[in-house]
Structure formats: C-alpha cells, structure tokens
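Reading the structure
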2 protein chains.
Amino acid sequence: MKVRIDLAYDGTGFSGWARQVDLRTVQGVLEDTIAQVMRLSEPAMTVCAGRTDAGVHARGQVVHVDFDNWTPPARSASLTADEALRQWLPRALPDDIVIRQVRVVPSEFDARFSALERRYVYRLWDSLANVDPLTRGYTLALPHHVNLDAMVQAAQHLTGLHDFVAFCRPKEHGTSIRDLKELSLVRRDSGLIEITARADAFCHSMVRSLVGCLVTIGRGQRDIEWVKTNLLAQARVNDIIVMPAHGLTLEEVTYPSDEDLGLQAERARTRREIPR
Amino acid sequence: MKVRIDLAYDGTGFSGWARQVDLRTVQGVLEDTIAQVMRLSEPAMTVCAGRTDAGVHARGQVVHVDFDNWTPPARSASLTADEALRQWLPRALPDDIVIRQVRVVPSEFDARFSALERRYVYRLWDSLANVDPLTRGYTLALPHHVNLDAMVQAAQHLTGLHDFVAFCRPKEHGTSIRDLKELSLVRRDSGLIEITARADAFCHSMVRSLVGCLVTIGRGQRDIEWVKTNLLAQARVNDIIVMPAHGLTLEEVTYPSDEDLGLQAERARTRREIPR
C-alpha cells in the first residue's frame, strides 16, 4: 500500500527537509514519528516533492511512504495503514508540522517524479514601517524601497524555458534547464510584496536566486541587460544574491490524475537524466 | 510637544504591555529604548490606548509621549523630537516591535482617553488539518469543529449596550457597562475563523471571555439562554472560559479629528468615573 501525505510546516526550527545526523530536520521528525505511531522497527522511508532548505517553509509539501507489510497492533486489528496514520500521526507530531491529508494512492504515484509543477512564494516588505511583526517568521524585511515595475519587467525576461545555471548551486550531474511557467509579483494592500515562482521543477537555490536578481533590479543597482546576460551564463553567477531562506514557502505541488501517473513519472525521470 | 506613536508588536516574547520589574514588557522596552535614543536621563513616560495582556499582539497600538524640554544632541541640533524619534527609534527597537508612524499631535490628544473605538480580532482554527503552522503564533488551534451559525446568533445577543460584568475580571472601581458595537464572525477560505470585537472600550479579559462564550456555544455545550443569562449576571461568571491570549490581536484604535479631541477626552473620563 502506497500512502500520500500532504503536510505543512514552519521551517524556522528545522535544519531543512533532508534527514541529517544530530540535526532536527522535517524528514527526520516525520519519519521517526511515523515509525513510532505505526510501531515500525526502523524509521519510515519518505520521498518528498521538494527538498526545502534550512529555514524554508511549506504549506503544500507532499510525500509518499510505502506500507507493504504493515500489520496493525492487536487492539486496532481492523485499521489499514492509511487509517492508522490519519488517526495517530497528526497529534503525535510537534506543532510546527501539520498533517493536511493522508490518502492511498496508486503504486505508480511518486511524490517527486509524478509532480507536474511546484509553486513557491517569496514574501518581503520594502519599508520597515509596513512590516507586520506577527508574520516576521515567514516574511523578509528589506530596509529600502524597491521599484516593483522594474522587477515585473525583469521577471518577464526570466520566465520561459531557459538554462538557469546562473541561478543554481553547482551540481555534478543533471541539467539546469527549467521551464519557468510563472514569475509574478504583486503588492498587497498591507504593502507586502509576494513573488510567485512556478515551474516543473527548480534546481537548488533557484527561487531565492531569482528573487535576489529581482531585488537587485528593484533597487536600481543593475539594469535589464544584466538579467539577459545572466540567462546566457554558462555557470553560477556569483553576484546574484541568494535571498534569506525564511521568506520562502513551498505553497503547492500539482500532480496529474491517477491514470496519467505512470506516464508523468517516466517523463520526469528521462528529463532529469539529460546531461548538460 | 506631544508625540503620537503608532506601533505593532508580536506579543509572544512580552509579559504584556505594562512595565513590570524584571520582566520584558512592551512598555518597558519601548520607554527604555526611547530614553536611550533620545538621551533622556530616565525612561520616557508613555500612555497607551489598550493595555494588552501577556501574549496578546497588536497591529494598531497607539501611545502618546510628552517631550516638553527636549534638546537635541549637538550633532543633530536642528532635529525636533518627532523627527529624532522617526529617525532613531525604529532601528533601535528589537524586531518584535515595529514603529508604523510618529507624529506631533495637539496637546489635548490622549492615547487612552481620546480613543473613540478599539477593534480586536481573535483568530482560531476548528480543525487541526486546516491549521497553518506559519501563523500559529497568533492563531489558536481548536481540536474540534464549531458551529459558526450558532456562534453568529449568540454574538447578535451580545452586541449593544450591556453591563458586561459576567465577562470581566473583578475590579474595585469603575463600571463594566460597555457599548459593544460589533461582535462578528467570518470564516476565511483557509478555514480560519476571525472574530471581530469593536467597542468604545473593553474591560479586562472581556474580548477573550466573549470569544470563550461563543466557543462554548459553537461546541453545543450551552444554548442561547445561557448567553442571555450571562448578560443579566451581577458578577463575573466563572464558567465563561477566558480564551488563550495568543489568538488575540489589537488591530485598530480610532480617534476623533484634532478639533474634537478635547471634548472626547472629557467624555471618556466622565464615563469611566460612573460608579456601578
């Protein structure tokens, strides 16, 4: 039985998603807690849609877990694995992880490779007087004003199918070609700026680098030609700022319908294996 | 010179508004920081619109401070007190207090007695699966569903001019008669319930008790007759729950135009002195 778990977390207290020895991570806490409530002899093995960095938050993270040989404890002999998780997991987790949904999925479902799209939002203030201190755990306070129109113009150049190597942390294998379907900016009534990035997938530090590039434009420190040059770069560009993690939230991951799951996983695996 | 300061704060790290020996309070931090940046020989004396309890937040707190004999340091000899505050105070404060505005007001202005209305919002979830962990510092997570329609009906009985003694912490002097102009409930798309309370003034623990009364109704543990009975009580009713502080935020305080300031302060002082 394959189970999909949708979850949200406040990244503040975690050293990122991925399990690490002696550090509190979302994967570590989640897998250990699943093992505890399900009485597994070792931690559960989860696969997630987006491996968030230390300090990054999630409202729409998705993981899958396999429960092939699980047998319920005698006192709850009629429970299936998903029912047991639904009953026991939410209350066993610390309050910075929230379980939104637990459901059985087809065996072809893969939280990482079946995903069609990831949507991230970066939130920032560009005036200290506007800052809402209640939200400061998940918004960035910039002490200077930015020109939103200039940032919108730059974002238009960045959207589409490009090699985003300038915006990625170097990686031995794999392509940095991505289809950035959306990079949009909106200023809320409160003054908060929300930058939405939506793509099939992102490489490491890509969203925070895209936002860093936009902020540099918004401050008038570089012009639009610099943005275009970055898209032609052959390697990581060091003067693109990587914005602080705590302004970033993984909001949503979308998947195809159950029938199309196998096809999409196959596509994603193939694409990821194209060498540069 | 009388200066009005509008501010916001995250109440989590404070033992409430009012200065206390050896405890971190908003008033204490604010007055000490004003004294420090303005080079006063003792803490500034502030008067605030709403003395929030430990853990209660504010987005629209208002204080006034007098600077009658202030002289700027030699290096900034041309600065007036309000200009100096505007320049120096925001960056000197810790990041859980945000200064929204600093301005000179007529000498009749009194942050407490000139206020026409205070608006508070209490935020809660009634399903653990809906909880947004990023907002958990200023929202309450109830593990059970509540009936919003029943709560709306109860709120209609509570609005208006009543003696709210059932909902107030006992106090030696002063009336608990208040004009509750609004007690409204709305469920956001996220599932979050926002309860807005608006009145000329509130007595101690009144908003959290009103919300506690509504939640008891929403859970079906009491009926509407109990609400009516509470409004006829002659003393604090102990089975009205006082909800946890961290769900409550002082959102806004409204004042009359500058010309009407003196009149309103006089009215408020008179009203407060009516014995029960």
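Conventions used here
Residues numbered from 1 in each chain as written. Chains lettered and ligands numbered in written order. Predicted model: local features only at pLDDT ≥ 70, side-chain atom pairs only at ≥ 80, totals over all residues. Heavy atoms only, no water. Salt bridge = Lys/Arg side-chain N within 4 Å of Asp/Glu carboxyl O. Buried < 20%, exposed > 50% of the residue type's maximum accessible area, 1.4 Å probe, protein only. Helix = DSSP H or I, 4+ residues; strand = E, 2+ residues; numbered from the N terminus. Least-squares fit on C-alpha atoms with pLDDT ≥ 70 in both. Contact = heavy atoms within 4.5 Å. Buried area = accessible area lost by both parts, 1.4 Å probe. Polar contact = N/O pair within 3.5 Å; in protein donor to acceptor, adjacent residues only side chain to side chain. Nonpolar A, V, L, I, M, F, W, Y, C, P; charged D, E, K, R; others polar. pLDDT = per-residue confidence, 0-100. Phe/Tyr/Trp six-rings, centres within 6.5 Å; stacked < 30°, edge-to-face > 60°. Lys NZ or Arg CZ within 6 Å of the ring centre and 35° of its normal.

**A short note on the pattern of salt bridges**
Residues and elements named next belong to chain A. Inspection of every chain in the model, using the stated rule, returns 40 salt bridges over all chains. Here Asp 6 and Arg 4 are joined by a salt bridge, their closest N and O atoms 2.8 Å apart. The pair Asp 6 / Arg 4 is uniform in exposure class, with both members buried. Residue Glu 251 is joined to Arg 59 by a salt bridge in which the shortest nitrogen-to-oxygen separation is 2.8 Å. Taken together, the residues Glu 251 in strand E10 (residues 248-254) and Arg 59 in strand E3 (residues 57-66) connect sequence positions 192 residues apart.

**Digging into the relation of the copies chain A and chain B**
When chain A is brought onto chain B, the operation consists of a screw motion whose angular component is 180° and whose axial shift is 0.0 Å, with 0.0 Å RMSD remaining. In short, the pair behaves as if placed about a two-fold rotation axis. When each C-alpha of chain A is compared by its distance to the rotation axis, Thr135(A) comes out closest, at 3.6 Å. Interface overlap between copies: 100% of the residues of chain A at the interface are likewise at the interface in chain B, consistent with a symmetric, same-surface contact.

**Points about the interface of chain A and chain B**
Each partner contributes residues to the interface: chain A has 23 residues there, and chain B has 23 residues. Counting each side, the surface lost to burial between chain A and chain B is near 2000 Å², with a carbon and sulfur contribution of 54%. In this structure, the connection of chain A to chain B is made through six salt bridges. For the interface between chain A and chain B, the tally reads 13 residue pairs in polar contact (both at pLDDT 80 or more). Of all the elements in the fold, those that place two or more residues in the side of chain A that touches chain B are strand E1 (2-9), E3 and strand E4 (97-105) of chain A. No other element matches E4(A), which puts three residues into the side of chain A that touches chain B. Its residues assigned to classes, the side of chain A that touches chain B shows eleven nonpolar, four polar and eight charged.

**Description of the side chain of Asp96(B)**
Inspection of the secondary structure puts Asp96(B) in the loop between helix H2 (81-92) and strand E4 (97-105). When its relative accessible area of 7% is taken as the criterion, Asp96(B) is described as buried. Among all residues touching Asp96(B), those that are not within four sequence positions of it are Pro133(A), Arg136(A), Ala8(B), Tyr9(B), Asp10(B), Phe14(B) and Arg24(B).

**Comments concerning the confidence of the model for chain A**
Of the residues in chain A, 97% have a pLDDT of 70 or more, and the chain-wide mean is 93. Confidence estimates for the predicted assembly give a pTM of 0.92 and an ipTM of 0.90.

**Quick notes on the packing of aromatic side chains**
Residue and element names in this part refer to chain A. Per the counting criterion, the structure on display carries ten aromatic pairs over all chains. With centroids separated by 4.8 Å and ring planes inclined at 50°, the aromatic side chains of Phe 109 and Tyr 255 adopt a geometry described as tilted. Within this pair, whereas Phe 109 is found in the loop between E4 and strand E5 (117-125), its partner Tyr 255 is found in the loop between E10 and helix H6 (261-272), the two being separated by 146 residues in sequence. Take Phe 109 and Tyr 255: they sit in the same class, and that class is buried. When the centroid spacing of 5.4 Å and the interplanar angle of 85° are considered together, the rings of Tyr 120 and Phe 202 count as edge-to-face. With Tyr 120 in strand E5 and Phe 202 in the loop between strand E9 (193-199) and helix H4 (206-218), this pair connects stretches of sequence that are 82 residues apart. Here the two residues Tyr 120 and Phe 202 agree in accessibility, since each one is buried. Through a chain of ring-to-ring contacts, the aromatic side chains of Tyr 9, Phe 14 and Trp 17 assemble into a single cluster. When the ring centre of Tyr 138 is taken as origin, the NZ or CZ atom of Arg 59, which lies over that ring, is 5.6 Å away.

**Here we look at unusual backbone geometry**
Although it is not a glycine, Ser205(A) adopts a positive phi angle of roughly 70°. By the secondary structure assignment, Ser205(A) is in the loop between E9 and H4. Backbone geometry places Arg39(B), a non-glycine residue, at a positive phi of 55°. With respect to the helices, strands and loops of the structure, Arg39(B) is situated in the loop between helix H1 (26-38) and strand E2 (46-48).

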